Amino acid sequence: HSGGFGGAIENPAFALAQLLAQFKDRNGRIAIPGFYDDVRKLPAAERRALARLPFSAKKFQKDLGASALFGEKGFTTLERLWARPTLEVNGLYSGFIGEGAKTVLPCRAMAKVSMRLVPNQDPSKIARLFVRHVKRLAPKTVRVTVKEVSGRGTPWLVPTDHPSLQAVARAIRKGFGKTPVYTRTGGTIPVVATLDRLLKAPILLMGIGLPDENAHAPNEKLDLDNLHHGMLSAAYLLEELAEATNATA
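Just so it is clear, the structure is predicted and the values come from calculations on it, not from any experiment. Numbers given for residues are sequential positions, taken from 1 along each chain in its written order. Given that this is a predicted model, residues contribute local features only at a pLDDT of at least 70 and side-chain atom pairs are listed and counted only at 80 or more, while totals for whole chains, interfaces and linings are drawn from all residues. Side-chain metrics rest on all non-hydrogen atoms present in the structure, leaving aside hydrogens and water.

S.K.: Describe the pattern of salt bridges, and please don't skip the residues or the numbers.
M.R.: By definition here, a salt bridge exists when the distance from a side-chain nitrogen of Lys or Arg to a carboxyl oxygen of Asp or Glu is within 4 Å. Under the defined criterion, the tally for this structure stands at nine salt bridges. A salt bridge links Glu 46 to Arg 184, with the nearest nitrogen and oxygen atoms 2.8 Å apart. Within this pair, whereas Glu 46 is found in helix α3 (residues 44–52), its partner Arg 184 is found in the loop between α7 (163–176) and α8 (190–199), the two being separated by 138 residues in sequence. As a salt-bridge pair, Asp 63 and Lys 59 come within 2.8 Å of each other at their nearest N and O atoms. Runs of H or I in DSSP of at least four residues are treated as helices and runs of E of at least two as strands, each being numbered from the N terminus.

Written out as structure tokens, the structure is:
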């Protein structure tokens, strides 16, 4: 009961909240020592290419229903979305969360945290840095356990000037009747990096989804026109790759 014990022991929920608050600074930069050591600088040419894309930060904010956008200072919204690493709290749980009031102290608190890494960052190294950071910050008045609940996907990127990616661009142009643009994105497909490492060949991903398709939600959807044009593009890609192979044989 908080009336009998409040003020005399550490509240795990408060301890967790204070711990999480020290994962980032006020400018949105991740505060784990060494986290950015291996982050590859975004090339000036790619920054210019991203700036030319038909993207409106104001519309993005409005569509989300957000009061304001927030992210790492010194980078645009697209750069933060596609080319900078992130650390997010995906879930929180502690104490009494039912209706009404119950003045009790929780005995434990839990948070699920994820990190989206970018090329050159090593997932194993980042995991070690994260655990070290948590243990250094955790107060002595609570017991802290860090448990890894999912695999470590290696960041992956294919150069936009690679001939095979140029073939993808031509195939999409034939399939959709529009010139495609190059984007990055955050996702979890660890096998892509594994195939890249084992086959030593570029892995090609063609995006045919739209931003409002609610990925992983109960009402996730896919535009059928995009699906059909995507199928055409995939067929054209096989043709483009065959022609490129014959030209270099």
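S.K.: How would you summarise the nonpolar core if you had to cite specific residues and measurements?
M.R.: Among buried residues, the Ala, Val, Leu, Ile, Met, Phe, Trp, Tyr and Cys ones that are joined through side-chain atoms within 4.5 Å form a nonpolar core. To sort residues, take the accessible area from a 1.4 Å probe on protein chains only and compare it with the maximum for the residue type: under 20% means buried, over 50% means exposed, and anything in between is partly exposed. Of all hydrophobic cores here, the largest spans 16 residues; its most connected members are Phe 23, Ile 30, Ile 32, Phe 35, Leu 87 and Phe 130. Sorting the residues of this core by element identifies α2 (12–21) and α6 (123–137) as the ones contributing at least two each. The biggest single contributor to this core is α6, with four residues. Of all hydrophobic cores here, the second largest spans seven residues; its members include Val 158, Leu 165, Ala 167 and Ala 171.

S.K.: Report on α2, specifying residues and quantitative values.
M.R.: Taken together, the buried positions of α2 are Pro 12, Ala 15, Leu 16, Leu 19 and Leu 20. Around the axis of α2, the buried residues are gathered within 130 degrees of arc, so they sit on the same side. Of the exposed residues in α2, the ones pointing more than 90 degrees away from its buried face are Phe 14 and Ala 21. We call two residues contacting when some pair of their heavy atoms lies within 4.5 Å. Check the buried side of α2 and you find it contacts β1 (86–94), β2 (109–116) and α6. Two or three places before Ala 13, at the opening of α2, Asn 11 has a side-chain oxygen 2.9 Å from that residue's backbone nitrogen. This arc is built from the directions going out from the helix axis to the C-beta atoms. In protein, a polar contact means a hydrogen-donor-capable atom and an acceptor-capable atom, both N or O and within 3.5 Å, with residues adjacent in sequence counting only if both atoms are side-chain atoms; elsewhere, any N or O pair within 3.5 Å suffices.

S.K.: Can you lay out a nonpolar patch on the surface for me, pointing to particular residues and giving the numbers?
M.R.: Taken together, the side chains of Ile 189, Val 191, Leu 195, Leu 198, Leu 199 and Leu 205 define a hydrophobic patch exposed on the protein surface, amounting to about 570 Å² of accessible area. Judged by its relative accessible area of 35%, Leu 195 is partly exposed. To count toward a patch, a residue needs a relative accessible area over 30% and no salt bridge; like charges are then connected within 9 Å, while nonpolar side chains (Val, Leu, Ile, Met, Phe, Trp, Tyr) are connected within 5 Å. Residue exposure ignores everything except the shown protein chains as possible cover, and the areas themselves are Shrake-Rupley values with a 1.4 Å probe.

S.K.: Please give an account of empty space enclosed by the protein that cites residues and values.
M.R.: Using protein atoms alone on a 1 Å grid, points that fit a 1.4 Å probe yet trap it form a cavity, whereas open point sets bounded by protein on both sides within 12 Å along at least five of seven lines form a pocket; residues with an atom within 4 Å of a point count as lining. Grid points are joined across faces, edges and corners, and a volume is the space filled by probe spheres set on the points. For the structure on display, the rule yields one cavity of 30 Å³ or more. Lining the largest cavity are Val 39, Arg 40, Lys 41, Leu 42, Pro 43, Ala 83, Val 118, Pro 119, Leu 157 and Arg 184. Three residue categories are used. Nonpolar comprises Ala, Val, Leu, Ile, Met, Phe, Trp, Tyr, Cys and Pro, charged comprises Asp, Glu, Lys and Arg, and polar comprises the others, including Gly. Taken together, the residues of the lining of the largest cavity break down into seven nonpolar, no polar and three charged.

S.K.: Let's hear about the packing of aromatic side chains: which residues, and what values?
M.R.: Any two of the Phe, Tyr and Trp rings considered here, Trp counted by its six-membered ring, make a pair once their centres fall within 6.5 Å; the pair's planes then place it as stacked at under 30 degrees, edge-to-face at over 60, or tilted in between. A complete count under the given rule lists three aromatic pairs for this structure. Considering the side-chain rings of Phe 55 and Phe 60, the 5.6 Å spacing of their centres and the 55 degrees angle between planes classify their relative orientation as tilted. Here Phe 55 falls in the partly exposed class, since its relative accessible area comes to 32%. Note on Phe 60: relative accessible area 25%, which makes it partly exposed. Lying over the aromatic face of Tyr 36, Arg 29 brings its terminal NZ or CZ to 3.9 Å of the ring centre. Only when the NZ atom of a Lys or the CZ atom of an Arg is both within 6 Å of the ring centre and within 35 degrees of the ring normal do we say a charge sits over the ring. Lys 102 extends its terminal NZ or CZ atom over the ring of Phe 96, reaching a point 5.5 Å from the ring centre.

S.K.: Requested: an account of the layout of surface pockets, with residues and values cited.
M.R.: Of the voids in this model, the second largest pocket is the one considered here, and its volume is about 520 Å³. Taken together, 25 residues make up the lining of the second largest pocket; nearest its centre are Lys 24, Phe 70, Thr 86, Leu 87 and Glu 88. Secondary structure elements with two or more residues in the lining of the second largest pocket: α2, α5 (77–82), β1 and β2. With five residues, the top contributor of residues to the lining of the second largest pocket is β1. Here the lining of the second largest pocket is composed, by residue class, of 12 nonpolar, six polar and seven charged.

S.K.: Explain the side chain of Ser 94 to me, and be specific about the residues and the numbers.
M.R.: Among the structural elements, Ser 94 can be located in strand β1. Look at Ser 94 and you get buried, because its relative accessible area is 19%. At 2.9 Å, the side chain of Ser 94 and the backbone oxygen of Arg 108 are in polar contact. Look past the residues within four positions of Ser 94 in its chain and what remains in contact with it is Ala 13, Pro 106, Arg 108 and Ala 109.

Everything listed here is a matter of coordinates, which is why it stays silent on function.
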